[in-house]
Amino acid sequence: MKHTTSTLLRVVFVMLMHCLLPWCGSGILKAQSGTHTVTGKVVDESGEPLIGVAVLIMGEKSGTVSDFDGAYRLEAPADKSLQFSYLGYQTQIIPVKGRKVIDVALEPESKNLNEVVVVGYGTTRKNDLTGSVQTVSAKDFNGGVSSPEQLINGKVAGVQIMSNSGSPTSGSTIRIRGGASLNASNAPLIVLDGVPLEADGISGNSDNFLNLINPNDIETMTVLKDASSTAIYGSRASNGVLMITTKKGDSEKLKLSVSSVQSIQTRTKTASMLSYEEFVNVVQTEGNGNQRSLLGTENTNWNDAIYQNAFGTDNNVSLTGRIVRNFPFRASVGYYNQEGILKSDRAERVTGNLNLNPAFFKDYLKFNLNVKGALNKNRFADASAIWNAATMNPTLGIYSGEDRFGGFTEAIDPSGIPVTRAVLNPLGVLEQRDSRSTVKRLVGNADADYKFHFLPELRIHGTFGYDYATGEGTVYVPAEAASAFTSNGRDYKYGPQEKTNKLFSAYLNYRKEFEKISSMLDVTGGYDYQYWRSNTPAYSEYNTLGEAQNVIGAIDQRHTLISFYGRANYSYDSKYLLTATIRRDGTSRFGSANRWGTFPSVAFGWRITQEEFMQEAEAVSNLKLRLSYGVTGQQEGIGNYGYLPVYTLSQPGAYYLFGDVYYPTYRPEAYVSNLKWETTKSYNAGFDFGFVNNRINGTVDYYSRKTKDLLATVPAAAGTNFDKTILTNVGKVSSHGVEMQLNGVLIDTKDVNWNVGVNATFQSVKITNLSIVEGAAITNTPAGPTVDNTYVQVLTEGFSPYMFYVYKQLYNEQGKPIEGAYADLNGDEVINSGDLYRYHSPAPDWLLGFNTQVRYKNWSLSAVLRASIGNYAYNAMAMNTGAFGTMSYNDYQLNNLSRSYLETGFRSRQHLSDYYVENASFLKMDNLSVGYDFGQIVKGARLRVSALIQNVFTITNYTGVDPELPNGFDSSFYPRPRTYSVNVSFEF
C-alpha cells in the first residue's frame with residue numbers, strides 16, 4: 001500500500017478519533033428517526049484507502065471515521081450533507097439526497113499558500129507575504145528556450161521580456177513595471193542563488209550575459225515588484241528584482257536525468273520590398289536612361305541568399321542523490337549549439353553545475369556550495385547583410401564571374417574601386433567576415449547557515465559569492481572584400497576583457513512563534529560588501545598587412561557597494577501581518593557628500609479569510625489585503641567616475657605637434673561633482689484571492705511610483721562643462737499601473753487535468769519635470785535612435801518618455817499622402833519645427849498573457865500567448881527605402897524600394913512624417929507543445945517525448961518585420977525565427 005511509511009501514525013490517529021468523538025468506540029451514533037444507513041469508501045488522489053477520515057453530519061454532532069480499508073458506516077438523514085475531512089487533504093461536503101452508498105476521493109490540500117517563497121536574504125511562506133511577489137517554478141516554465149529570462153515570458157503580470165533580435169547570440173530587454181528611469185538602467189536587479197549579478201555584458205557576449213546560465217539548471221524564478229519586497233536590496237531595486245534559484249540535490253536515491261532537444265529554425269517575415277516584376281516596372285516607367293541601363297538580367301532573391309534553415313541541439317545530463325544520508329548533491333552538464341537563420345551566425349555553449357548541500361548536527365548546521373561554469377563560443381554574422389539583402393538590385397546575380405572581391409558582384413566606379421556608400425553584396429558581407437568570440441564564466445557561492453543550539457530560533461547565515469568572466473575575440477576580413485577593400489581588410493584580436501564580482505554577505509535571523517499570544521516574529525539584520533572590476537587591455541585593429549587602423553585604449557573600471565540592512569516581519573493571530581525594512585547603501589560612484597543613501601519600506605497584510613465573519617464563506621479559501629510603501633534607489637547604468645575630473649589620453653591622429661615631434665595629449669571629460677542617488681518612492685495596494693480550495697486563485701495590484709533626481713543625460717549650457725551633454729540629477733518621472741493575475745484548475749481528475757493562467761497589466765509613465773531648475777521652461781530633449789542623424793523621439797515634460805515627435809501628414813481625396821504636406825498645427829502658415837507634435841510612444845498601454853496546460857492520461861498539451869496593446873513603432877525601414885530618390889545614391893548602382901512607395905509615390909524621404917509611425921499592437925503565440933509520457937518503459941527508467949513550436953504566429957496591423965521592437969524603432973530588424981523542436985527525456 002502506498003502509505004506504508006505513515007501507517008502507524010494513522011492507526012494512532014484512528015484510535016484517537018474513536019476516543020475523542022462523542023460516540024467513542026461505536027463509530028456510529030444511535031439511529032435517529034428519518035435516517036438511513038450510508039456506507040462508502042474514502043480514498044486519496046491515487047485511489048489508495050485513507051485511514052481515519054472524519055465523516056461528520058453537517059449541522060449535527062454525529063459522525064464516524066474511516067477504518068483501515070478506508071470504509072465507513074453511519075446513520076444519516078436523507079436531507080443532510082456529509083463532511084469528509086482529513087489532515088493534509090481538502091475537505092469535501094456531499095449532500096446525502098437519500099443515497100445509501102457514497103464513495104469519496106479526497107484531493108491533497110493546496111500547497112499554494114504554504115509553499116516557501118524565496119525573498120531577499122531568506123525565505124518565507126507565501127501565506128505570510130505582504131509584498132507583490134510572484135514565483136514561477138520549473139514545472140510551469142516555457143519550454144525550448146536558451147536563456148533564463150525567456151522561461152517566464154508571458155507568465156507574470158507586470159513583467160515584459162523582449163528578445164532584442166532573432167540571433168542566437170542576442171539578449172533580451174527585461175522590464176518590471178516599465179522601469180523607473182530615463183538614462184540610468186531600467187533593467188531589474190538579477191540575483192542568482194543569493195549573488196547579485198552585474199547588469200552589463202562582457203566583450204564577445206555583450207548583448208546577453210544571462211545566456212551563460214543554463215535554463216535547465218533553474219528550479220524557480222521569483223519576481224519582486226513592489227518596494228516592500230525590493231527595498232531589502234536598496235540602491236539597485238528601483239526596477240524590481242529577478243531572483244533565480246538553481247536546482248539542488250533532494251533525491252534519496254541516485255537519479256539520472258537525460259534530455260535532448262533537436263530543433264530547426266526557419267525565417268518568418270522580412271522587410272516588404274518591391275518584387276522583381278514591380279522593381280523592373282518602376283525603373284522602366286519612372287527611371288532615367290542611366291537607371292534603366294543598370295538593370296541586370298538575373299532574378300535574384302537576396303533573402304534566400306543570406307538566410308538558411310538553422311539547426312540546433314540542446315543536450316543536458318544531471319545526476320542527483322546523496323553521498324551520505326545528510327549530504328545531497330546535484331551535478332549537471334549541458335551542451336547547446338544553435339545556428340542563426342542568418343548565415344554565419346552561431347552560438348555554442350557548454351555548461352556545468354555542481355551543487356552540494358551537506359547538513360550536520362541534526363540540521364543545525366547547513367551548507368550550500370554551488371559552482372556554475374560556462375564556456376561560450378560565438379560566431380557573429382554581419383547584420384548589415386539584412387539591410388543589403390532588402391535593398392540590393394534583384395536583377396543582378398550573386399556572383400560576377402570574376403576573381404575580384406572574392407567573385408561577388410559589387411558596384412564599382414570607373415577606377416575599379418567599390419563605390420562609396422554603395423550597397424554591398426549581402427552574401428559577400430556574410431562570407432567575407434569571420435568574427436568569433438570565446439567567453440568563459442564561473443559563478444560560485446558558498447552559504448553557511450547555523451542554528452544556535454542554545455537558542456534554535458536564532459541563526460546566522462553567511463554567503464561568499466564570486467562571479468568571474470572573461471571575453472575575447474578575433475575579426476578577419478580578407479583584403480579582397482569590398483567592405484574593407486581600400487584598407488586591406490581586417491585581421492586583429494580584441495580583449496580579453498575580465499570582469500570580477502565579489503560578494504560577502506552575513507546576516508542574523510531570529511524567528512519565534514509565540515503560541516500564547518498567537519504571534520510570530522521574524523527579524524533579520526545583516527551586512528553586504530560587493531566589489532566589481534572590469535578591465536580590458538589596449539589593443540589595435542590591424543589590417544591584413546599588419547598596419548594599425550584604429551587604437552582602442554585600455555579600460556579599468558571598478559566600483560564598490562557597502563550595505564547594512566534590516567527587516568522585521570510580525571504576524572498576529574495569522575490575520576494581521578506587518579513587514580518593515582530598511583537598508584543603507586554606500587556606493588563609490590558618488591562623492592563623499594552624497595555617497596550614502598537610506599531606503600526604507602513598510603507593508604501591511606490582512607488575511608481576511610481568518611476572520612470569524614468569513615468562516616461561513618466556505619467557497620472562499622483565501623482573501624488577503626496588502627498595502628505597502630517604500631523607497632528604492634538607482635546608481636546603475638551611469639558609469640563609475642561621473643563625479644570625478646577624469647582625463648583621457650588622445651589616440652594617434654589627435655596628437656599635438658611640438659617642433660618635429662607629435663605628443664599625446666590628455667583631454668578632460670565632462671563630470672558633475674555633486675551626483676547623487678536617483679530615488680523612487682513606491683506605493684502598492686493589492687489583494688490575493690482563492691476560491692474552492694484555491695483551485696481558482698489570483699492577485700490584483702495597483703501601484704504608483706515617483707522617481708526624482710533622475711540620472712539623465714541633458715544638454716549642458718555652453719561653457720559650463722567639457723561636453724555638450726552631461727549626466728546629472730535632473731527631473732522627475734511618475735508612473736502607475738494595475739496588474740491582474742488569475743489562475744485556475746478547471747478540471748482535475750485522475751485522467752484529465754486542465755490549468756489556465758491569464759494576466760493583464762495596465763501601465764502609464766509620465767515625465768513630470770526635466771529641468772535642472774524646476775519650473776524652468778524646457779524644450780524637447782531629443783532621445784532614442786536616429787536615422788540619418790535625425791531624431792524622431794523626444795523627452796518632454798508632461799508626456800510619456802520617448803514619444804515620437806513628427807509632423808501630421810496630410811492626404812488627398814483618394815487617401816494618398818501628399819509629399820511634404822503637413823498640418824500647420826501652430827497656425828503661423830509656415831511649416832517648421834513649431835508644427836511637430838508628440839504622436840504616441842513605443843510603450844504599450846496593456847500587456848496581456850495567457851497560458852494553458854491540458855493533460856489527458858499520458859498526453860499533454862500546452863500553449864503560451866502574449867498580447868501588447870497601444871504600442872507604436874516607427875517604420876524606419878519603410879521611410880528610408882520608400883522614396884524614389886533612394887533608388888540611386890550614385891551613378892553605378894540601383895537600390896530596391898519599400899513597397900510603401902507604391903502607396904505614397906514619394907520622391908524624397910519624409911523623415912518626420914507620422915505616416916511611418918504605426919500602431920504595433922499584436923497578439924503572439926509564443927509556444928505550442930504536445931507531449932506523451934511513456935511512464936516506466938523498463939524497470940527504473942521513464943521516458944517522455946514532446947514536440948514544440950515557438951513563435952507560432954503573430955497577428956498585427958504593423959507592416960514591418962515584427963511589431964515587438966527595442967525602442968519602437970524598426971531599421972533592418974533581424975527577424976525572430978519560428979522554431980520546431982523535438983525533446984526526448986529519460987529518467988533513471
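Heads up: the structure comes first, above all this text.
Residues numbered from 1 in each chain as written. Predicted model: local features only at pLDDT ≥ 70, side-chain atom pairs only at ≥ 80, totals over all residues. Heavy atoms only, no water.

Let's shift gears to helix α3 (residues 276-286). Those residues of α3 that fall on the buried side of the exposure criterion are Phe279, Val280, Val282 and Val283. Down the axis of α3, the buried side of the element spans an arc of 160°, and every buried residue falls inside it. Opposite the packed face of α3, turned more than 90 degrees from it, sit the exposed residues Glu277 and Thr285. The elements touched by buried residues of α3 are α4 (289-293) and α9 (901-904). (Buried < 20%, exposed > 50% of the residue type's maximum accessible area, 1.4 Å probe, protein only. Helix = DSSP H or I, 4+ residues; strand = E, 2+ residues; numbered from the N terminus. Arc of directions from axis to C-beta. Contact = heavy atoms within 4.5 Å.)

Residue position: aspartate 962 is located in the loop between β54 (941-956) and β55 (969-970). In terms of polar contacts, aspartate 962 uses its side chain to reach the side chain of lysine 924, at 3.0 Å. Separated by 2.9 Å, the side chain of aspartate 962 and the backbone nitrogen of glutamate 964 make a polar contact. The residues contacting aspartate 962, other than those within four sequence positions of it, are Lys924, Phe973 and Arg976. (Polar contact = N/O pair within 3.5 Å; in protein donor to acceptor, adjacent residues only side chain to side chain.)

The strand order across the open sheet built from four strands is β3-β2-β5-β6, with neighbouring strands paired in antiparallel fashion. Pairing within the sheet leaves two strands with one partner each, and these edge strands are β3 (63-65) and β6 (92-95). Looking at each pair of strands side by side, their axes are set apart by 20° on average, direction ignored. (Pairing = 2+ DSSP bridges. Axes fitted to C-alpha atoms, helices over the stretch in contact; angles between N-to-C directions.)

With that settled, the discussion passes to the pattern of salt bridges. Taken as a whole, this structure holds 34 salt bridges when the rule is applied. In this structure, lysine 225 and glutamate 739 form a salt bridge, with 3.1 Å as the shortest nitrogen-oxygen distance. A residue pair is termed long-range when its members are at least 10 positions apart, and lysine 225 in the loop between β15 (218-224) and α2 (227-230) and glutamate 739 in strand β41 (residues 732-748) qualify at 514 residues. Neither residue differs from the other here; lysine 225 and glutamate 739 are each classed as buried. With a closest N to O distance of 3.2 Å, lysine 575 and aspartate 573 form a salt bridge. Aspartate 573 gets classed as partly exposed once you look at its relative accessible area, which sits at 29%. A cluster of three or more residues bridged by salt bridges with shared partners is formed by Arg866, Lys924, Asp926, Asp962, Glu964 and Arg976. (Salt bridge = Lys/Arg side-chain N within 4 Å of Asp/Glu carboxyl O.)

Looking now at empty space enclosed by the protein. Counted under the stated rule, the structure contains seven cavities of 30 Å³ or more. Roughly 100 Å³ of volume is contained in the largest cavity. At the level of elements, β20 (346-356), β22 (365-380) and β23 (434-451) are the ones that each hand at least two residues to the lining of the largest cavity. (1 Å grid on protein atoms, 1.4 Å probe; cavity = no way out; pocket = protein on both sides within 12 Å on 5 of 7 lines; lining within 4 Å. Points joined across faces, edges and corners; volume = space filled by probe spheres on them.)

Mapped onto the elements of the fold, proline 414 is located in the loop between α6 (384-391) and α7 (426-431). The class of proline 414 is exposed, set by a relative accessible area of 73%.

What follows covers a nonpolar patch on the surface. On the surface, a cluster of nonpolar side chains totalling about 670 Å² of accessible area is made up of Ile517, Tyr570, Tyr572, Tyr576, Leu578, Val602, Phe604 and Leu627. Listing elements by their share of the nonpolar patch, those giving two or more residues are β29 (555-572), β30 (576-587) and β31 (596-607). In this structure leucine 578 comes out as partly exposed when scored by relative accessible area, which is 41%. (Patch = residues over 30% accessible without salt bridge, like charges linked within 9 Å, V, L, I, M, F, W, Y side chains within 5 Å. Areas by Shrake-Rupley, 256 points an atom, 1.4 Å probe, with all protein chains shown as cover.)

What follows deals with the sheet that holds strand β1 (residues 35-43). Within a sheet, adjacent strands bond to each other through the backbone by hydrogen bonds, running parallel or antiparallel. If you walk across this open sheet you meet the three strands as β4-β1-β7, and the pairing is mixed. For this open sheet the edge positions go to β4 (71-77) and β7 (104-105), each flanked by a neighbour on one side alone.

It is worth spelling out the packing of aromatic side chains at this point. In the structure shown here, the tally under the stated rule is 34 aromatic pairs. These aromatic residues form a ring-pair network of at least three members: Phe464, Phe504, Tyr527, Phe564 and Trp596. Over the ring of phenylalanine 799 we find arginine 838, and its NZ or CZ is 4.4 Å from the ring centre. (Phe/Tyr/Trp six-rings, centres within 6.5 Å; stacked < 30°, edge-to-face > 60°. Lys NZ or Arg CZ within 6 Å of the ring centre and 35° of its normal.)

Fair warning: the whole summary comes from geometry, so function is off the table for now.
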